[in-house]
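So the chains spell out like this:
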Amino acid sequence: MEIISKVLFWVANSLLIPDIIILLILFARSLLLLGSFYNQFIVKRNNDKKINPVIENLTQEKLKDLRATLPSKNNSLYIKYLRTLLENTTHEAYADFTISNFENEVDKDLSLSKMLAKLGPVLGLIGTLIAMSPALVGLSSGDISGMAYNMQVVFATTVVGLVVSAIGLVTLQVKQRWYAKEVNNLDYIARVVTGNVN
């Protein structure tokens, strides 16, 4: 039993360095996500100011006005699929196909936020529990400096994991609301274009 416990202890301790490295990579990735999220917010706000008033009063006669208000470049996923919908939709089946493709792209975009929201606390907890063991050993042997160092690792891994998770969770929640509204807009525009508005 003692041999098994030692092997288990050795395996657990050997996971601390990979855990910290992965946490640091995820932290850097979450900062990049935060930057791209801010850029996406600015682009979306500018697009919505131009496009939403036209969509609210949209009829088949005003489809040209909607096309004219679109930015010259596809500066977001929504604009790309909106342009596709306006330029190529003649059948309801194609409109449904386009909206389904948009939803698939949305899931792909949200996957990073989902991963960060779930993995951050898990890796933080793993780092906390692994570093806690040597800290307790240091406490029992009277090695206060060793215990203090390990407690620093305990708190650092927890904080970094929670920050990563918070960034993932906030961006996920906000983007889900954005995309839900955009799917609704695309669905309405598709019905106007195909003449299926009740």
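Source: prediction; values computed, not measured. (Residues numbered from 1 in each chain as written. Predicted model: local features only at pLDDT ≥ 70, side-chain atom pairs only at ≥ 80, totals over all residues. Heavy atoms only, no water.)

### Regarding the overall build of the protein chain
Inference 1: Helix and strand content of the protein chain: 6 helices and 0 strands.
Inference 2: Taken from N to C terminus, the helices and strands of the protein chain fall in the order α-α-α-α-α-α.
Inference 3: Sorting the 198 residues of the protein chain into buried and exposed places 36% on the buried side.
Inference 4: Considering only intrachain contacts with a sequence separation of at least 6, the fraction spanning at least 24 residues in the protein chain is 74%.
Inference 5: About 11,900 Å² of surface is accessible on the protein chain, with carbon and sulfur atoms providing 65% of the total. (Helix = DSSP H or I, 4+ residues; strand = E, 2+ residues; numbered from the N terminus. Buried < 20%, exposed > 50% of the residue type's maximum accessible area, 1.4 Å probe, protein only. Contact = heavy atoms within 4.5 Å. Areas by Shrake-Rupley, 256 points an atom, 1.4 Å probe, with all protein chains shown as cover.)

### Quick word on the confidence of the model for the protein chain
Inference 1: Within the protein chain, residue pLDDT values average 86, and 90% of them lie at 70 or more.
Inference 2: Ranking the elements of the protein chain by mean pLDDT puts helix H1 (residues 2-14) last with 75 and helix H2 (residues 16-56) first with 92. (pLDDT = per-residue confidence, 0-100.)

### With respect to the pattern of salt bridges
Inference 1: Overall, the coordinates contain 4 salt bridges when judged by the stated rule.
Inference 2: Taken together, the shared-partner salt bridges connect Lys44, Asp48 and Glu182 into one network. (Salt bridge = Lys/Arg side-chain N within 4 Å of Asp/Glu carboxyl O.)

### Focus: the nonpolar core
Inference 1: Of all hydrophobic cores here, the largest spans 26 residues; its most connected members are Leu66, Leu82, Leu86, Phe102, Leu186 and Ile189.
Inference 2: Elements supplying a minimum of two residues to this core: H2, helix H3 (63-69), helix H4 (77-88), helix H5 (92-141) and helix H6 (144-194).
Inference 3: The element best represented in this core is H6, accounting for 8 residues.
Inference 4: For leucine 186, the contacting residues outside a window of four places in its chain are Tyr78, Tyr81, Leu82, Leu85, Ile99 and Phe102.
Inference 5: Counting 8 residues, the second-largest nonpolar core is a separate cluster that includes Leu23, Leu123, Val164 and Ile167. (Core = buried A, V, L, I, M, F, W, Y, C linked by side-chain atoms within 4.5 Å.)

### Digging into the environment of phenylalanine 102
Inference 1: Along the chain, phenylalanine 102 turns up in helix H5.
Inference 2: Expressed as a C-alpha distance, the spacing of phenylalanine 102 and valine 183, which sit 81 residues apart in the sequence, is 7.9 Å.

### Some words on the packing of aromatic side chains
Inference 1: Under the definition given, this model contains 5 aromatic pairs.
Inference 2: Ring centres of phenylalanine 37 and tryptophan 178 lie 5.2 Å apart, and the angle between their planes is 5°; this geometry places the pair in the stacked category. In this pair, phenylalanine 37 sits in helix H2 while tryptophan 178 sits in helix H6, placing the two residues 141 residues apart along the sequence. Here phenylalanine 37 matches tryptophan 178 in class, with each residue buried.
Inference 3: Summarising the aromatic geometry, the rings of tyrosine 81 and phenylalanine 102 are spaced 5.6 Å apart at their centres and angled 65° between planes, so their arrangement reads as edge-to-face. Taken as a pair, tyrosine 81 in helix H4 and phenylalanine 102 in helix H5 lie far apart in primary sequence, 21 residues in all. In this structure, tyrosine 81 and phenylalanine 102 share a single accessibility class: buried.
Inference 4: Each residue in the set Phe37, Phe41 and Trp178 is aromatic and connected to the rest through ring pairs, giving one cluster. (Phe/Tyr/Trp six-rings, centres within 6.5 Å; stacked < 30°, edge-to-face > 60°.)

### Re the side chain of threonine 128
Inference 1: Tracing the backbone shows threonine 128 in helix H5.
Inference 2: Only 2.4 Å separates the side chain of threonine 128 from the side chain of threonine 158, close enough to count as a polar contact.
Inference 3: Other than its neighbours up to four places away in sequence, threonine 128 contacts Val154, Thr157 and Thr158. (Polar contact = N/O pair within 3.5 Å; in protein donor to acceptor, adjacent residues only side chain to side chain.)

### A word on the packing of H1 against H2
Inference 1: At their nearest, the axes of H1 and H2 sit 4 Å apart, and the two run at 25° to each other. Taken together, H1 and H2 sit at an angle that is classed as roughly parallel. Facing Ala12, Asn13 and Ser14 of H1, the residues of H2 in contact are Leu16, Ile17 and Pro18. (Axes fitted to C-alpha atoms, helices over the stretch in contact; angles between N-to-C directions. Parallel < 35°, antiparallel > 145°, perpendicular 65-115°, else oblique.)

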